[in-house]
Each structure stands twice: as structure tokens, then as C-alpha cells.
Amino acid sequence: MTTVEELKLRVRELENELIKCKQKRCAEEDAGGNQMHHRPRIEKMSAEVVDSNPYSRLMALKRMGIVEDYEKIRTFSVAVVGVGGVGSVTAEMLTRCGIGKLVLFDYDKVELANMNRLFFQPHQAGLSKVEAAEHTLRSINPDVSFETHNYNITTMDNFTHFMDRISHGGLQEGNPVDLVLSCVDNFEARMAINTGCNELGQIWMESGVSENAVSGHIQLIIPGETACFACAPPLVVAANIDEKTLKREGVCAASLPTTMGVVAGLLVQNVLKYLLGFGTVSHYLGYNAMQDFFPTMAMKANPQCDDRYCRKQQDEYKRKEAERPKQEVVVEKVEEQVVHEDNEWGIELVSEVTEEELKAASGPKPDLPEGITVAYTIPDKEKTVTPAGETVEETEQSLEELMAQMKKM
Amino acid sequence: MADEVTRKAVSEIPLLKTNSGPRDKELWVQRLREEYLALIKYVENNKTADNDWFRLESNKEGTRWFGKCWYIHDLLKYEFDIEFDIPVTYPATAPEVAIPELDGKTAKMYRGGKICLTDHFKPLWARNVPKFGLAHLMALGLGPWLAVEIPDLIAKGLIQHKEQQNNS
Ligand SMILES: [Zn+2]
């Protein structure tokens, strides 16, 4: 008799075999029949309007005076962290725009459950997202260089490697990438990117879609200058849905290809403006899909930020600002500057039971423009009087002894 | 917001002192000692309260954790393997606890069998950095998740009791 365990193992073996067959077929298509559709690499971008030139409409931006030097796009290397609903579309847009190099990070595999999103196709199910993405993107534009990493950036070893690739994965190996784009779907990964970029002084853009799929945002983070991801509790775009009517039972998250496509579009637009120097680069741009409202704001770095590299970068920024000769006439900024208020609450609780207790454990809401709020508030740490419980009792036991004790329990 | 039982259990877990993550060398060892002290106390408390429900151990660096949790339903014990990595940003961000064998069986999970915590967990964790540790994660994250999801999975016939399964 075969047991369930044995059958499970067999299923897994067959699944792996299937993935290998798919990969082999893709490789064959590359080498053989599909070659007809693959164009050769183009050495220099041309503005000539012929049906074989993929860059003519992009180069027209230059002729129209929108962009000063479009070809410059080929000199940039951009890292995209998270190649899911937003990241894959982001990578495709940048590929079609003719970016110099893309460095892709994702630990996940393509699944049939992802087919409500754009970019990936059912036949790619089972392949790693970065591998499948590189394959499609390379066939769209062979002029782009690709570097892919199939791992979770939040674990120790991978994070070290991630930091190394951000600081050395430029178009010229050894130089840092020009921009990091966060297209991840969780807080842990965002915080990891934030930590890395603060340490490296790497400029990055954050993007996100809410778990209810009807709002999203993009944010430019210049370490030391604009607020980092740890400077304030996570910002959210208020979708004006009554929390009481929002049903969360039985599901983690919803997703819509439309919202993810819009956010990817806003993100890449900001990337192009930032890299090519046209228009106004948004510091924070929200998207409320329910009311079609796009709140914007700018937020300065918080001198009390928990991330010590953020504070270090702020000192560095202040020093540079002081050294800079003041020549230009400063145009009054209309954007709202967010003030980090002092907290008038001084109570902290381990877990809240009532609404009143929850309120008491919260800090004040920062002063944010209409339509933008924080996911939660945190009471000011310095003003906290009493921790709610006992702290661990110091013992003489070594870590090894404690590990052994726990194991014996 | 947590129920009264969870609240009491959490208040009896010792709080941690050292604000240190796996990227800090010596301070991380100190933090790990505190983690183990808090976990040992919590497991002892659970045993005293006749509510022993999980075991955890780690690799020697304390960066990868694994163990078992169990849930009693209709006098039958359902046991599951659990695992998680300590993120580089710990303790600012809590680890994502996974029960790989339940992956794909409930919508209250992210890919890889990572459990989906309530809206209340993240703010609660953020407000208590660095005082909350892995014992708090068990009590406020995994415990309540099991209490809601396991009875539901059993009712839907998506998990069977292991002995029953082998007998049939
Ligand atoms: Zn900061």
C-alpha cells in the first residue's frame, strides 16, 4: 500500500519534472523557431521614424522638447525588488523605455493564482518570477542588461548579498545602481530595503497597493533628506471605506490588475522624471481608487527616527546643505511639510481590550494632508512612564545552556 | 485587541530589554538569551495553566527557528510543524511564522504557508519594540490564529486527525 506521504512525494517529483520540461521548451524556442521575432541589438538609439525602430516614439520626446536627452536612459541601472503585480509591470515599462540595466529580486514562483494580474502567463507557472520575467523582458528588448536574484532579501545571508548588489550592480560593474524600486507586498521587506538604503545612502522609491486593492501610493526616499520608511508609522491612503463594513474574515488580501497597473504607471513615470530630469518628481503621491483622488505631499526626515543610519544621513545632509553656497532664489514650496508632533499620551499597554485603552496606547496623528493617514500611531518612547510587565530576569546561564534547557522542556 | 485569556497570558511573559537584531554581533547574543528566557518562562506558564501548546528551537545563530504547535479540538490533538526566519530588521519587524503543511488550505495565509495576522498585531508589535519577543509573537500571533483557523479547517474537512487518517 502506498501511503499519503509517498504519494505527496511522487506528486512533488512529477511537478519538478514538469517545470524542467517547460524550461527546456522555453530554451529551445529561444534557440530555434522563435528567433524570427527577435530583433538584433541596437547600438545607438535613433529618432528615425521607420517601422523597425522601437525607439522612434520615445526619441520624439526630445524633438518635442519634453525631455532634453532621452538616450541618457541607457546609462541607468535600476533595481526592482519584488517582481509581482506591481514589480513585473514596472520592469516591463522600464524595459520598453530602453533602460540600461535591470537588477531583479524576488524569491517567489509564478502561480496560476497570480493570473488576475498583468505580465506573467499561465505557461510560466512553476518558474521563478525573476527567471520568467528575464525571459519575457529580454525578448521584448534585447538592449537591456539583466541581473536576477531568486531569494528573500530579509534573511541574514541574502541581505548581505542584496546590499552588495545595490552598491555594485550599476551598469558599470562596481558602481552602485542608480535607483532602487520597492515593489514588495510586505512590511518586513520594505523595512529591509529601508535599512539597506539608509546605510548605503541609496536613493529609492517605495510603492504599494493596499490589501483591499482600492488604494495605492508611491514615495521618493532620499536618505537624510526626505522621510524614510521608518521615520513615521506606515502611511496609508484613506479609501473612505467604513472600517466597520470592511469584511476581513476569511481572506488576507484582495488584488486588482487595474490598481496595480495604475501604481506601476505612477511609479515608472516618477522614475523617468527623476532619471531624465523633466516635470516635477513627486515625493509622495497617493491613489484613492474609490473616489479617484490623488493626494500628494512631501515629508522631511524625522530627527527622532529609530533607524540610526537615517539619523546619520540627516547629519550628513545638514552638513552638505550648510556648505552649499546659497545662490538660487528659493521658490516657496506649496507642498505641505509634515510636522512630527510631540505626544501628549504617556501610557503604554501590552495589549488593549477596550477602545479607550487602544486610544491611550496610541500616539498623536501626524499632521497629514487630506486623504493620507497613518496605519497606526506610536506613543512617544521617551515619555513612556511604565512598561506594563516584568522584564526578563538576568541569569548566569549561557545561551547554549538556555538552548539546551528549552530543548528539554 | 486581544481577549481576556490572551491578555493575561501575555502580561505574564517577561519583557525583553536589548534592542538588537541578528546583524549585531554581541548584542544579538544578549537578545537571544533574553528570547530564550522569555520563551522558557512562557512555556512553563502554559504548562502550569494546563495549556501547553508549542515548542520552539533555533539554529545556533538564532536566525532560523523551527518547532511544533498543537491544538486540541474535540479531545483530539492536531499537531503542526512551524518555522520562520528572523528578518534582518528584527525586532522592529516581527518574523512571519509559517505552517508549511497548511499552505494552500486557507485564505488566511500568504504564500509559503505564512500565517496572516490580524490588523491589531502590527500596531501592537510596533508600539512594544523592543520589549516584545518571540514568546509574544507566539501568544499574540500564532495562538489566536490557530484558535480561529484550526476548528474551521477541521469543520471543512481540510485537515484530518493524523491517527484517524492512518487507521483508515
Ligand atoms: Zn528615518
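Residues numbered from 1 in each chain as written. Chains lettered and ligands numbered in written order. Predicted model: local features only at pLDDT ≥ 70, side-chain atom pairs only at ≥ 80, totals over all residues. Heavy atoms only, no water.

Caption draft 1: Local environment of the sheet that holds strand 3 (residues 145-149) of chain A. Residue and element names in this part refer to chain A. Read across the sheet, eight strands follow the order 3-2-1-4-5-6-8-9 without closing on themselves; strand pairing throughout is mixed. Each edge of the open sheet is held by one strand with a lone partner, namely strand 3 and strand 9 (296-297). Alignment of strand 8 (residues 284-288) against strand 9, held across two bridges, turns out to be antiparallel. Bridge assignment links Tyr284 to a residue of strand 9, and that residue is Met297. Contacting strand 1 (77-81), strand 4 (179-182), strand 5 (204-209), strand 6 (215-221) and strand 8, helix 7 (residues 257-276) crosses the sheet at an angle of about 165° to strand 5. (Pairing = 2+ DSSP bridges. Helix = DSSP H or I, 4+ residues; strand = E, 2+ residues; numbered from the N terminus. Contact = heavy atoms within 4.5 Å. Axes fitted to C-alpha atoms, helices over the stretch in contact; angles between N-to-C directions.)

Caption draft 2: Seen up close, the interface of chain B and chain A. At the junction of the two partners, chain B supplies 60 residues and chain A supplies 59 residues. Here chain B and chain A share an interface that buries about 5200 Å² over both sides, 60% of which is from carbon and sulfur atoms. Linking chain B with chain A are six salt bridges, by the criterion used here. There are 16 residue pairs in polar contact (both at pLDDT 80 or more) connecting chain B and chain A. Listed by contribution, the elements that provide at least two residues to the side of chain B that touches chain A are helix 1 (4-11), helix 2 (26-48), strand 1 (54-58), strand 4 (109-110) and helix 3 (121-127) of chain B. Looking at the side of chain B that touches chain A, the element that brings in the most residues is helix 2 of chain B, giving 13 residues. Here the side of chain B that touches chain A is composed, by residue class, of 33 nonpolar, seven polar and 20 charged. (Buried area = accessible area lost by both parts, 1.4 Å probe. Salt bridge = Lys/Arg side-chain N within 4 Å of Asp/Glu carboxyl O. Polar contact = N/O pair within 3.5 Å; in protein donor to acceptor, adjacent residues only side chain to side chain. Nonpolar A, V, L, I, M, F, W, Y, C, P; charged D, E, K, R; others polar.)

Caption draft 3: Region of interest: the packing of aromatic side chains. All names here are of chain B. Applying the stated criterion to the full structure yields 14 aromatic pairs over all chains. Ring centres of Tyr90 and Trp125 lie 6.2 Å apart, and the angle between their planes is 45°; on these two criteria the pair is classed as tilted. Taken together, the residues Tyr90 in the loop between strand 3 (76-85) and strand 4 and Trp125 in helix 3 connect sequence positions 35 residues apart. Taken together through their ring pairs, the aromatic side chains of Trp28, Tyr90, Phe121, Trp125 and Phe132 make up a single cluster. Positioned above the aromatic ring of Trp70 is the side chain of Lys77, whose terminal nitrogen or guanidinium carbon lies 4.8 Å from the ring centre. (Phe/Tyr/Trp six-rings, centres within 6.5 Å; stacked < 30°, edge-to-face > 60°. Lys NZ or Arg CZ within 6 Å of the ring centre and 35° of its normal.)

Caption draft 4: Spotlight on the packing of helix 2 of chain B against helix 4 (residues 134-155) of chain B. Residue and element names in this part refer to chain B. Helix 4 packs onto helix 2 with a crossing angle of 40° between their chain directions and a minimal axis gap of 7 Å. In terms of orientation, helix 2 lies oblique with respect to helix 4. Contacts from Glu35, Ala38, Leu39 and Tyr42 in helix 2 reach Leu134, Ala135, Met138 and Ala139 in helix 4. Considering only residue class, the contact of helix 2 with helix 4 consists of seven nonpolar, no polar and one charged. (Parallel < 35°, antiparallel > 145°, perpendicular 65-115°, else oblique.)

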